[in-house]
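Descriptive structure summary
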Amino acid sequence: MNKLLELYQSRFGGSVRKQGDGYNGPCPLCGGEPGKSDRFMVWDYKTENLSKVCTENHIAGVYNCRQCGATGDTVSYLINIEGMSFKEALEELGIKPNTTKYKKSRPAPKFQEKAEYMPKEREMPMKVWQEFAMHLQEKAMADIHQAKEAKKYLNARGICDEAIAEYKLGYLCGENRKQGIFRMRKSLGLEAKEKTAYFLIKFLFQEE
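Described below are features of the structure shown in this document. These numbers were taken from a predicted model, which means no experiment stands behind them. (Residues numbered from 1 in each chain as written. Predicted model: local features only at pLDDT ≥ 70, side-chain atom pairs only at ≥ 80, totals over all residues. Heavy atoms only, no water.)

What follows concerns the nonpolar core. Formed by 32 residues in total, the largest nonpolar core has its most connected members in Tyr8, Phe40, Val42, Tyr63, Cys65, Val75 and Tyr77. Every element with two or more residues in this core is listed here: helix H1 (3-12), strand S3 (40-43), helix H2 (52-56), strand S4 (62-65), helix H3 (74-80) and helix H4 (86-92). If you tally residues by element for this core, the top one is H1, at five residues. With residues up to four places along the chain from it excluded, the contact list for tyrosine 63 reads Leu4, Phe40, Met41, Val42, Ala70, Thr71, Gly72, Asp73, Ser76, Tyr77, Asn80 and Ile81. (Core = buried A, V, L, I, M, F, W, Y, C linked by side-chain atoms within 4.5 Å. Buried < 20%, exposed > 50% of the residue type's maximum accessible area, 1.4 Å probe, protein only. Helix = DSSP H or I, 4+ residues; strand = E, 2+ residues; numbered from the N terminus. Contact = heavy atoms within 4.5 Å.)

It is worth spelling out H1 at this point. Of the positions making up H1, those classed as buried are Leu4, Leu5, Leu7, Tyr8 and Phe12. Buried residues in H1, looked at end-on, bunch into an arc of 160°, giving them a common side. Summarising the contacts, the buried residues of H1 are in contact with strand S2 (22-25), S3, S4 and H3. Measuring from the backbone nitrogen of leucine 4 back to the side-chain oxygen at the start of H1 gives 2.9 Å, which picks out asparagine 2 as the cap. (Arc of directions from axis to C-beta. Polar contact = N/O pair within 3.5 Å; in protein donor to acceptor, adjacent residues only side chain to side chain.)

Time to look at the side chain of lysine 151. Relative to the helices and strands, lysine 151 is located in helix H6 (residues 148-156). A distance of 3.4 Å separates a polar atom in the side chain of lysine 151 from a polar atom in the side chain of aspartate 161. In contact with lysine 151, not counting residues within four places along its chain, are Ile144, His145 and Asp161.

The next subject is the pattern of salt bridges. Tallied over the full model, the rule gives five salt bridges. Note that lysine 151 is salt-bridged to aspartate 161, the shortest N-O span being 3.4 Å. Linking lysine 151 in helix H6 with aspartate 161 in helix H7 (residues 161-166), this pair joins segments that are 10 residues apart in sequence. Note on aspartate 161: relative accessible area 38%, which makes it partly exposed. (Salt bridge = Lys/Arg side-chain N within 4 Å of Asp/Glu carboxyl O.)

Attention now goes to the sheet that holds S4. Spatial strand order, S1-S2-S3-S4-S5: five strands in an open sheet with antiparallel pairing. Two strands bound the open sheet, and with one partner strand each, they are strand S1 (17-19) and strand S5 (71-73). Strand-to-strand twist in this sheet, taken as the mean axis angle between neighbours without regard to direction, amounts to 25°. Along the sheet face, H1 touches S2, S3 and S4 and points at about 150° away from the line of S3. (Pairing = 2+ DSSP bridges. Axes fitted to C-alpha atoms, helices over the stretch in contact; angles between N-to-C directions.)

For the rest of this paragraph, the subject is unusual backbone geometry. For histidine 58, which is not a glycine, the phi torsion comes out positive at approximately 55°. A relative accessible area of 73% means that histidine 58 is categorised as exposed. Phi is positive for lysine 168, which is not a glycine, with a value near 55°.

Here H6 has its buried residues at Ala150, Lys151 and Leu154. Buried residues along H6 cover an arc of 95° about the axis, so they all sit on one side. In H6, those exposed residues whose orientation departs by more than 90 degrees from the buried face are Lys148, Glu149, Lys152 and Ala156.

Tallying each qualifying case throughout the model produces four aromatic pairs. Measuring from centroid to centroid gives 4.9 Å for tyrosine 8 and phenylalanine 40, while their planes differ by 35°, and the two rings are tilted. Residue tyrosine 8 is located in helix H1, and its partner phenylalanine 40 is located in strand S3; the two are separated by 32 residues in the primary sequence. What makes tyrosine 8 buried here is its relative accessible area of 0%. Ring centres 5.6 Å apart and planes at 80° place the aromatic pair tyrosine 63 and tyrosine 77 in the edge-to-face group. One end of the pair, tyrosine 63, is in strand S4; the other, tyrosine 77, is in helix H3, with 14 residues separating them in the sequence. Comparing tyrosine 63 with tyrosine 77 shows no difference in burial state: the two are buried. Aromatic ring contacts, followed pair by pair, group Tyr8, Phe12, Phe40, Tyr63 and Tyr77 into a single cluster. Taking the ring centre of tryptophan 43 as reference, the NZ or CZ of lysine 46 above it sits at 4.4 Å. Above the plane of the ring of tyrosine 153 lies arginine 157, whose end atom (NZ or CZ) is 3.8 Å from the centre. (Phe/Tyr/Trp six-rings, centres within 6.5 Å; stacked < 30°, edge-to-face > 60°. Lys NZ or Arg CZ within 6 Å of the ring centre and 35° of its normal.)

See the structure below:
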């Protein structure tokens, strides 16, 4: 087995999964939930962008994390993730450490902590709009049982009838032989616009 892949799998076991031409799972540096995260990728066969050590000793494999930007080859993995010294990394790979011709691999880039999410404060819509929205939700949940194409579309994507009911998915069939439902903005407590004096609601409706 490729050494880089072996090192990564020794940390996360079954959480490492085959993905396309490589393997992915949680990042050893910035984290991720085992079995769900796929931010960290290992390509065990790649021979591009290797350090001099790996190139001269034919040690394939590179890694990359799309979350924190950590990237490198087997030597940098041993140093930056396993915490080994350069000498220890060479010994782990069976390379004589008494040579001075190799340069140390570049350190893994530091990742920045994401700023805490601060939601914007918004005014609640007027009561007449809230009531109309509730009416649309109820109508959509009822209409979807008559819209065979809409249910077929959801079922084809693995969304069964029980899930449609549980998550309150719906479909608005429209009215007056039109695909959407039209209302004057003023009737919903909204200010009229110069060019568009109506509001259109159509297609799938889902409660948040």
